[in-house]
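Per-entry structural report
Each chain, written out:
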Amino acid sequence: MCTTTPDHTDNISPDYRVFDLRGAHFDIGRALGQATPRFENMPWWSPSPPLDFALACAALVGDIHPPLLDESRGYAEAQSLHYEDLLQGVCRLSLRQRAVGGCTSFALRRDGRIVVGRNYDFRTLQRMRLRIRLAPDAALPSLGMQGSMPGGRYDGVNAHGLFVSLHVVMADEPEERAPGVPFHQVPRIVLERCRTVDEAVDLVARMPHLNAFNYLLADPARFVAVEAHPARVRIVEPEGDSLVVANHYRHPDMVALQGRRDRSASGRRAARVEKLIAMGAEVETILRDHVAPLCEHRPHNSTLWSVVADLDARRVAYAPGMPCAAAYRPVAWPSRRSSSDGRA
Ligand SMILES: [Zn+2]
């Protein structure tokens, strides 16, 4: 039984608006820049790195997926921001979040299909929870969630049935920092450039990473976890018909990077999902579970949204809030057509 409404405790009204945009990335950026509040540093963010470092990170993004920089230019123009200030603002070296919980995602093969489930948990202070369906001129159509960082996606699917989600990992930081792709742009690049898990693994394993994150990648044929850190990247394959990704590394080469940090909460969530999958629980039932808990209800930290997707059937549904309280609503699969074109 769920009795709390945590979004009210921080006195913010969450922004769950939905966007369905197409065209050039610059124009997409301008539309989002016009529609959203002026970009500013969130209270939980660490200071930005020097401008030359942020420009070097943006140059890496530009090497991999140049249209994303066009989108930033359009966004900055619409908000009367300096483009360089925006680049610096979305470049964060440190993500020390003082035990704010995290996210849980899983993929499983059941009745010959691959389905995924995902809860995004974070501070209720995070107001931006935008669901964006895109059909860009110069990239693959996609659907996904954008948080406080413009230009990024925290999870989503694309027109080819590829799913990706991110999960922060608390890990040691390198003494010497090198430029890398910021965490929120990794899923966005995958969704816009890759058709399969194989393509995504090839891209994500080769790019330099700015932050310590896990990414779940799934398509109608297979699923893997990518464990990323500025120092190295490793791939974790499923051992059976399912794979759970949370806020800790599993690969033996990655575990030491977490030092002595307490990983018990993340481990409990992953173990609970594995148990529920083994029991044959439905994906939505798993995401509503309160034992570990998977559906999070702490006063300043809760599940901000939840997503389920059947990658074979091209079906996806989002719940705008804690999934025990907010219903999953089907969303039109990403395609070149607008969701209002009469497509189911
Ligand atoms: Zn709940």
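This section reports on the structure supplied with the text. Predicted model, so just to flag it, every value in this text is computed and none were measured.

Conventions and cut-offs
Residues numbered from 1 in each chain as written. Predicted model: local features only at pLDDT ≥ 70, side-chain atom pairs only at ≥ 80, totals over all residues. Heavy atoms only, no water. Helix = DSSP H or I, 4+ residues; strand = E, 2+ residues; numbered from the N terminus. Rg over C-alpha atoms; globule rule 2.2 N^0.38 Å. Buried < 20%, exposed > 50% of the residue type's maximum accessible area, 1.4 Å probe, protein only. Areas by Shrake-Rupley, 256 points an atom, 1.4 Å probe, with all protein chains shown as cover. Lys, Arg positive; Asp, Glu negative; His and termini not counted. Charge placed at Lys NZ, Arg CZ, Asp CG, Glu CD. 1 Å grid on protein atoms, 1.4 Å probe; cavity = no way out; pocket = protein on both sides within 12 Å on 5 of 7 lines; lining within 4 Å. Points joined across faces, edges and corners; volume = space filled by probe spheres on them. Nonpolar A, V, L, I, M, F, W, Y, C, P; charged D, E, K, R; others polar. Donors = N, O, S within 2.8 Å, 3.2 Å for Na, K, Ca; no water. Tetrahedral: all angles 85-135°; square planar, octahedral: opposite > 155°, others 65-115°. Axes fitted to C-alpha atoms, helices over the stretch in contact; angles between N-to-C directions. Left-handed = near helix turned anticlockwise from the far one by under 90°. Contact = heavy atoms within 4.5 Å. Polar contact = N/O pair within 3.5 Å; in protein donor to acceptor, adjacent residues only side chain to side chain. Pairing = 2+ DSSP bridges. Arc of directions from axis to C-beta. Salt bridge = Lys/Arg side-chain N within 4 Å of Asp/Glu carboxyl O.

**A few points about the overall build of the protein chain**
Secondary structure assignment for the protein chain yields nine helices and 15 strands. Its C-alpha atoms give the protein chain a radius of gyration of 19 Å, within 12% of the compact-globule value 20 Å for 344 residues. Principal-axis analysis of the C-alpha atoms places the extent of the protein chain at approximately 55 × 50 × 45 Å. Within the span of the protein chain, comprising 344 residues, buried residues form 58% of the whole. Carbon and sulfur atoms make up 50% of the accessible area of the protein chain, which totals about 14,200 Å². Across the protein chain, the 42 positively charged side chains and the 40 negatively charged ones have centroids separated by 3 Å.

**What to know about empty space enclosed by the protein**
Applying the stated criterion across every chain, the model contains four cavities of 30 Å³ or more. Each pocket or cavity is described by its volume, and for the second largest cavity that value is around 90 Å³. Along its surface, the second largest cavity is lined by L32, L68, E71, S72, Y75, L86, V90, Q146, P150, G151 and Q185. The class makeup of the residues in the lining of the second largest cavity is six nonpolar, four polar and one charged.

**Description of unusual backbone geometry**
Of note, the amide linkage connecting A292 to P293 takes the cis form, showing an omega dihedral of 0°. Along the chain, P293 turns up in the loop between α9 (283–287) and β12 (297–298). If you check the backbone angles, S80 has positive phi at about 55° while not being a glycine. Counting through the fold element by element, S80 comes out in the loop between α3 (67–78) and α4 (83–89).

**Notes on the coordination of the zinc ion**
Surrounding the zinc ion are the protein donor atoms H290 (NE2), C295 (SG), H297 (NE2) and C324 (SG), which sit 2.0 to 2.4 Å from the metal. Taken together, the four donor atoms surrounding the zinc ion define angles of 105 to 115° at the centre, an arrangement classified as tetrahedral. Donor residues for the zinc ion, ordered by position in the chain, follow H-x4-C-x1-H-x26-C. Residue class for C295 comes out buried when judged on its relative accessible area of 1%.

**Quick notes on the packing of helix α1 (residues 25–35) against α3**
Angle between the axes and distance between the axes are the two parameters that describe a pair of packed helices. Contact pair α1 / α3: the axes reach a minimum separation of 6 Å and the direction vectors enclose 35°. The hand of the α1/α3 crossing is right-handed. Contacts between α1 and α3 involve H25, F26, I28, G29, R30, L32, G33 and Q34 on the former and, on the latter, P67, L68, D70, E71, R73, G74, Y75, E77 and A78. Classifying every residue of the contact of α1 with α3 gives seven nonpolar, five polar and five charged.

**A few points about the side chain of D219**
Its location among the elements puts D219 in the loop between β8 (213–218) and β9 (223–228). A polar contact is formed between the side chain of D219 and the backbone nitrogen of V197, at a distance of 2.8 Å. Ignoring any residue separated from it by four or fewer positions in sequence, one finds D219 in contact with I114, G161, L162, T196, V197 and L311.

**Comments concerning the pairing of strand β3 (residues 113–123)**
Along β3, 10 of the 11 residues are buried, which leaves the element largely enclosed by surrounding structure. Bridge analysis of β3 against strand β13 (residues 301–310) gives nine bridges, and the strand direction is antiparallel. Bridging from a neighbouring strand, F122 pairs with S302 of β13.

**Describing the pairing of β9**
The element β9 is extensively covered by neighbouring structure, given that six of its six residues are classed as buried. Of the two faces of β9, the one holding F223, A225 and E227 and the one holding V224, V226 and A228 are both buried throughout. Of the pairings in the sheet, the one linking β8 to β9 comprises six bridges and is antiparallel in character. Looking across to β9, one finds that L217 is bridged to V224. Where β8 hands over to β9, the hairpin turn is made up of four residues, counted between the paired strands. Joining the antiparallel neighbours β9 and strand β10 (residues 233–236) is a turn of four residues.

**Focus: the layout of surface pockets**
Quantified by volume, the second largest pocket comes out at close to 340 Å³. Considering the residues around the second largest pocket, the lining is formed by 17 residues, among which V115, V283, E284, D310 and R315 are closest to the centre. Looking at the lining of the second largest pocket, the elements that each hand over two or more residues are β2 (104–110), β3, α9, β13 and β14 (315–319).

**Remarks on α1**
Turn by turn, an α-helix covers 3.6 residues, leaving residues three or four places apart pointing in a common direction. What α1 keeps buried is the set H25, I28, G29, L32 and G33. For α1, the buried positions fall inside an angular range of 135° around the axis, keeping them on one side. Of the surrounding secondary structure, the elements contacted by the buried residues of α1 are β1 (18–23), α3, β4 (130–136) and α5 (185–193).

**Overview of the pattern of salt bridges**
Inspection of every chain in the model, using the stated rule, returns 20 salt bridges. Between D15 and R17 there is a salt bridge, with its nearest N and O atoms 2.8 Å apart. Exposure remark for R17: the relative accessible area of 34% places this residue in the partly exposed category. E192 is the salt-bridge partner of R188, the closest N and O atoms lying 3.0 Å from each other.

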